[in-house]
Amino acid sequence: MRLAIGGIDHALVLLLGARARFAVRAGRCKARAGRPLADPEREVRVRRRVDALAHRIGLPASTAEALVTLAIADARRAQGLDREPAIAAGPTAATVQPIAAVPPVAAHAPPTGSRHAMHSTPLPPQATNTLLRLVPPPRRWAPLLRALSPRLQQRLLERAMAAVLAAPVADGSLAFMEGRRLGIDVTDLDLHWVVELRDGRLQAGDAAPEASVRGTATDLLLLASRLEDADTLFFQRRLVLTGDVELGLTARNTLDRLPWESVPLALRIGLNRGARLARAARSARA
Ligand SMILES: C=C(O[C@@H]1C=C(C(=O)O)C=C[C@H]1O)C(=O)O
């Protein structure tokens, strides 16, 4: 339980850090657009949404209020609005405080009509790149994932495999895996899973694997989503096969031949988006 609690604390800090960095970017956009930095109406909307969510999940309103007050105070400070922590002044300080410190507007104000550009204009590639760099890299998320018990990780893995591989398991294409153990090592997340087909069901276990595929979360996701092909990933040694090479290669070739259409559409979309985001964030950081 304490491991899980620690993981959640870690996530809260990561998310608050990411929120403040986004706020800094929002602040620059507002300055460029000639808009005031402080936006009390937006703050009210932010608070309302948090309040509604808290209500839905049964979190005390005062807890949600304190958290969002802290987040807004932090965002305002990160933008240079309030020098002192607004939290000290009470829960609603961030909304009711007079907005004194509106920094000077950028000299090159945009032409009129672009005041609302923040919401509608697609981001230029350079801005997208900047935003992608704000996404914490996989190794930052590792302590969080490790906070899930191995048992829970295994259950989640089994459910994911059952969804993705339902068709080949049912039609017997994975029969060669019966009683065999295949490892998946996600290096940057420090996760190690072992998969076995037992009585026609893919199960995750603890026994030593006979063969393993090793790679970063992003490369494994690129393989699973078929955005990059196995040959390229193995040839460039971004994915590495160890142990019983024959078992590993058979598994790889079978998965390669699987009809992608047999994977439920929602999952294909989810895998594709996740893999694209991970790849884009990785190249933005490079
Ligand atoms: C981050 C922004 O700047 C300020 C901080 C806000 C927040 O923390 O949610 C909301 C409005 C602004 O007063 C923003 O404009 O979105």
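As recorded by an unreviewed UniProt entry, the protein chain carries the name Ubiquinone biosynthesis accessory factor UbiT and is attributed to Luteimonas colneyensis. What UniProt records for the protein chain under Function (unreviewed entry) is the sentence "Required for O(2)-independent ubiquinone (coenzyme Q) biosynthesis. Likely functions as an accessory factor."

A look at the overall build of the protein chain
A count of helices and strands for the protein chain gives 13 helices and five strands. Taken across its 286 residues, the protein chain has 19% of its residues classed as buried.

Thoughts on the sheet that holds strand β5 (residues 239-243)
Read across the open sheet, the five strands follow the order β3-β2-β1-β4-β5; overall the sheet is mixed. Each edge of the open sheet carries a strand with a single partner, namely β3 (201-205) and β5. The mean angle between the axes of side-by-side strands here comes to 25°, regardless of whether they run parallel or antiparallel. Sheet analysis places strand β1 (residues 181-186) next to strand β4 (residues 211-215), joined by five bridges and oriented parallel. For L182, the partnering residue across the bridge sits in β4 and is A211.

Here's the deal with the site of the ligand
All residues in the neighbourhood of the ligand are listed as A23, A26, A38, D39, R42, E43, V46, A71, I72, A75, R76 and Q79. Of all elements in the fold, only α1 (2-32), α2 (40-57) and α3 (61-78) reach the threshold of two or more residues within the shell around the ligand. At four residues, α3 tops the list of elements feeding residues into the shell around the ligand. Partitioned by chemical class, the residues of the shell around the ligand number seven nonpolar, one polar and four charged.

A look at the packing of α1 against α3
Where α1 meets α3, the closest approach of the two axes is 8 Å, and the angle between their N-to-C directions is 45°. When the interaxial angle is binned, α1 and α3 end up oblique. You can see that α1 and α3 cross each other, and the crossing is right-handed. Contacts between α1 and α3 pair L16, R19, A20, A23 and V24 from the former with A71, D74, A75 and A78 from the latter.

Things to note about the environment of T242
Its place among the elements puts T242 in strand β5. T242 sits 33 residues away from P209 along the chain, and the two C-alpha atoms are 9.8 Å apart. Discounting chain neighbours no more than four positions away, the residues touching T242 are A211, S212 and R214.

A few points about helix α12 (residues 245-257)
End to end, α12 covers 18 Å across 13 residues, agreeing with the expected 18 Å (1.5 Å per residue, within 8%). Taken as a whole, α12 has its buried residues at G248, A251 and R252. Relative to the axis of α12, the buried residues are bounded by an arc of 95° and lie together on one face. Exposed and oriented more than 90 degrees from the buried face of α12 are E246, N253 and R257.

What about the nonpolar core?
One finds M177, L182 and V195 to be the most contacted residues of the largest nonpolar core, which totals 14 residues. Elements with a contribution of two residues or more to this core: β2 (191-198) and β3. For this core, the element with the most residues is β2, which contributes four residues. Each residue touching M177, except ones within four places of it in the same chain, is listed here: L182, L197 and A251.

A look at the confidence of the model for the protein chain
When the pLDDT values of the protein chain are averaged, the result is 81; 84% of them are 70 or greater. Taking the mean pLDDT of every element in the protein chain, the minimum, 40, falls on helix α4 (residues 93-96) and the maximum, 95, on β4. Scored as a whole, the predicted complex attains pTM 0.59, and scored at its interfaces, ipTM 0.97.

How each quantity is defined
- Residues numbered from 1 in each chain as written.
- Predicted model: local features only at pLDDT ≥ 70, side-chain atom pairs only at ≥ 80, totals over all residues.
- UniProt positions renumbered as here; feature names shortened; annotations may be inferred.
- Helix = DSSP H or I, 4+ residues; strand = E, 2+ residues; numbered from the N terminus.
- Buried ≥ 20, exposed ≤ 12 C-beta atoms within 10 Å, placed from the backbone.
- Pairing = 2+ DSSP bridges.
- Axes fitted to C-alpha atoms, helices over the stretch in contact; angles between N-to-C directions.
- Near = placed C-beta within 6 Å.
- Nonpolar A, V, L, I, M, F, W, Y, C, P; charged D, E, K, R; others polar.
- Parallel < 35°, antiparallel > 145°, perpendicular 65-115°, else oblique.
- Left-handed = near helix turned anticlockwise from the far one by under 90°.
- Contact = placed C-beta atoms within 7 Å.
- Expected span 1.5 Å × (residues − 1).
- Arc of directions from axis to C-beta.
- Core = buried A, V, L, I, M, F, W, Y, C linked by C-beta atoms within 7 Å.
- pLDDT = per-residue confidence, 0-100.

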